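Spelled out, the chains give:
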Amino acid sequence: MTENAITGFEPNEKPAGAHQAEAASFGGVGMKIAGYLGMVAIFLLVALPLFWIVITSFKEKPDIYTQPAQWWPAHPTTAGYKSATTEIDFWAFFRNSVIITLLLSVAKIVLGVISAYALSLLRFPGRNLVFLVVIAALMVPNQITVISNYALVSQLGWRNTYQGIIIPLAGVAFGTFLMRNQFLSVPGEIIEAARLDGAGPLKLLWRVVLPMSWPTLIAFSIITVVNEWNEYLWPFLMSDDSRVGTLPIGLTQLQNNDGITNWGPVMAATVLAMLPVLIVFLALQRHMIKGLTAGAVKG
Amino acid sequence: MTATPQSSPAPVRSGPPEPVGAPPKRSGRPYGEWLLAALLLLPNLALLVIFTYRPLADNIRLSFTDWNISAPVAHYIGFDNYTTWWHDPNAHQVLKNTLIFTVATVGISMALGLGLAILLDQQLRGRNLVRSAIFAPFVISGAAVGIAFQFVFDPNFGMIRDLFDRVGLSVPDFYQRPGWALFMVTATYIWKNLGYTFVIYLAALQGRRADLDEAAEIDGASAWRRFTKVLLPQLRPTTFFLSITVLLNSVQVFDIINVMTRGGPQGYGTTTLVYQVYRETFVNSRAGYGATIATIMFLILLVVTVVQVRVMDRGMRRD
């Protein structure tokens, strides 16, 4: 197993004749030195703000506003975390985020898989047209649909409900595209053999096609979970408070409390909101990258 | 339902020939397969039609009305909204903001992403840590990044202020000056999304044909020539894909602007087309006018994307 396989930055498949040409391409000692300098620079650029946020979340209130700034808390405290979780209904926002992310992800994954199955392994008139209708939805910006959807959902009396947030977001175009391509890559001989053995369409999906598609399915699932956890505009429009509001909405509420921002708790809540998705990312980055790069990169 | 080889929907490579004289048919497929396909596709199609295509069309209808989001009745007012927009003194600034933000985010994140991908494709110690670090912000929510960066850019107590102080520079007021505010949201957006272009370029680099590059090197081509004549042409499909997806994503940015500046300062300092749609519809209760701006934005995006596809397509065919 290579170094790359562990961290996940490995190409899915290399075309014949391709191989790593690292260092060979633009190599040389000068490039090495420039490389390390560049690496340090970009690492600082990304890591410093994150470090600053975490440090601030552990500072006592007066220490946040001292000059020059403290790059390490003089009096480390978790008071910021305490007020972050008590000043707003933090755990209600957190619960809503978990519920909405879970339900929406399950819906999207199931719908994506069954649509992709129908579009790749079943024959019916107008199949290509249906596929086009699904894929073209990718080109429609959310912001165009928001006004009319807001009116519709309000008329139904669905504002401040889970279904009001979930159902309008549940249609899946990208996942259908991704899974369809995966299903089409399953060898025809295997599918034929399963059919000869008497497997019906659903058994074929569940026992043959899906088990051969785990890596893509996992990548699709992770990307979906991360996207839904971060969804902002629609939940923001659909919820007024902590009844069904998600974490990003809770965050902005904390910030707007009584006009001036108390940065300690705000940074603490921000850290708490970032943490779950960062943990998921660190554990599963390999799969996530596979899903993102599928279809984007042709050798 | 029993399946026969003819009824296999998979690409059939061999199989008994059709009986002579049989009526031309799509194959001996059981009728049930259509039904199953309909059953599997209907929920997703219904959702997409109701919540994506219906509002897309409805948005155009609304753009010709004076609707405010709460009233049940909307009056048809013809092209009034469009002429209002044409003469709106703020429309000019909003377009300019959108253009600056989009060009800067697309250009910088693609150039930087490619540069970093080439850098971290080299054999360097610790590159995996840095690769993960670059990609990590991409998974954090825009709202959280926006809030966090408000304090990073805070002109009185923020991180940038402290760094500027240390090297003896005075920090601009990112919240009061429109130009600096636009710079702030642009920088924040690039910080958050750089990992995407980086990862896609890195994957493309690792899947490329390295032998071409080696051959060019043996022939004595300079690094710059190998970059422009060998590497860039190979990466063209990836560049094409990124230029479209990054552009569409950048134009749609809402969370960072809403959290950091609410479209301000001084009225429309950081308001982009998308933010103006939100503002007119939900803050100023002019949903008809908001729909007009949304329609205009959609038309602009459509034209830009078509031109992009044309240009890139021609470029690719020439190779």
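Colleague: Requested: an account of the pattern of salt bridges, with residues and values cited.
Modeller: Close approach of charged atoms lets side chains of opposite charge pair. All names here are of chain B. Applying the stated rule across the entire model yields 9 salt bridges over all chains. Between Asp58 and Arg54 there is a salt bridge, and its shortest N-O distance comes to 3.9 Å. You can see Asp58 and its partner Arg54 sitting in helix H1 (residues 32-62), 4 residues apart, about one turn around the helix. Looking at Asp58, the relative accessible area reads 16%, which means it is buried. The residue Glu280 makes a salt bridge to Arg286 at a minimum N-O spacing of 3.2 Å. In this structure, a network of salt bridges that share partners links the residues Arg54, Asp58 and Arg61.

Colleague: Kindly report on the packing of aromatic side chains, identifying the contributing residues and their values.
Modeller: Overall, the coordinates contain 36 aromatic pairs over all chains when judged by the stated rule. Arranged with centres 4.6 Å apart and planes meeting at 50°, the rings of B:Phe149 and B:Trp191 form a pair that is tilted. A residue pair is termed long-range when its members are at least 10 positions apart, and B:Phe149 in helix H5 (residues 142-152) and B:Trp191 in helix H7 (residues 178-206) qualify at 42 residues. B:Phe149 sits in the buried class, given a relative accessible area of 5%. With 5.7 Å between their ring centres and 85° between their planes, B:Phe174 and B:Trp180 make a pair best called edge-to-face. By relative accessible area, B:Phe174 is classed as buried at 2%. In this structure B:Trp180 comes out as partly exposed when scored by relative accessible area, which is 32%. Ring-pair connections join several aromatic residues into one group, and the members of that group are A:Tyr150, A:Tyr232, A:Phe236, B:Phe254, B:Tyr275, B:Tyr278 and B:Phe282. Here the guanidinium or amino end of A:Lys59 rests over the ring plane of A:Trp52, the centre of that ring lying 4.9 Å away.

Criteria and cut-off values
Residues numbered from 1 in each chain as written. Chains lettered and ligands numbered in written order. Predicted model: local features only at pLDDT ≥ 70, side-chain atom pairs only at ≥ 80, totals over all residues. Heavy atoms only, no water. Salt bridge = Lys/Arg side-chain N within 4 Å of Asp/Glu carboxyl O. Helix = DSSP H or I, 4+ residues; strand = E, 2+ residues; numbered from the N terminus. Buried < 20%, exposed > 50% of the residue type's maximum accessible area, 1.4 Å probe, protein only. Phe/Tyr/Trp six-rings, centres within 6.5 Å; stacked < 30°, edge-to-face > 60°. Lys NZ or Arg CZ within 6 Å of the ring centre and 35° of its normal.

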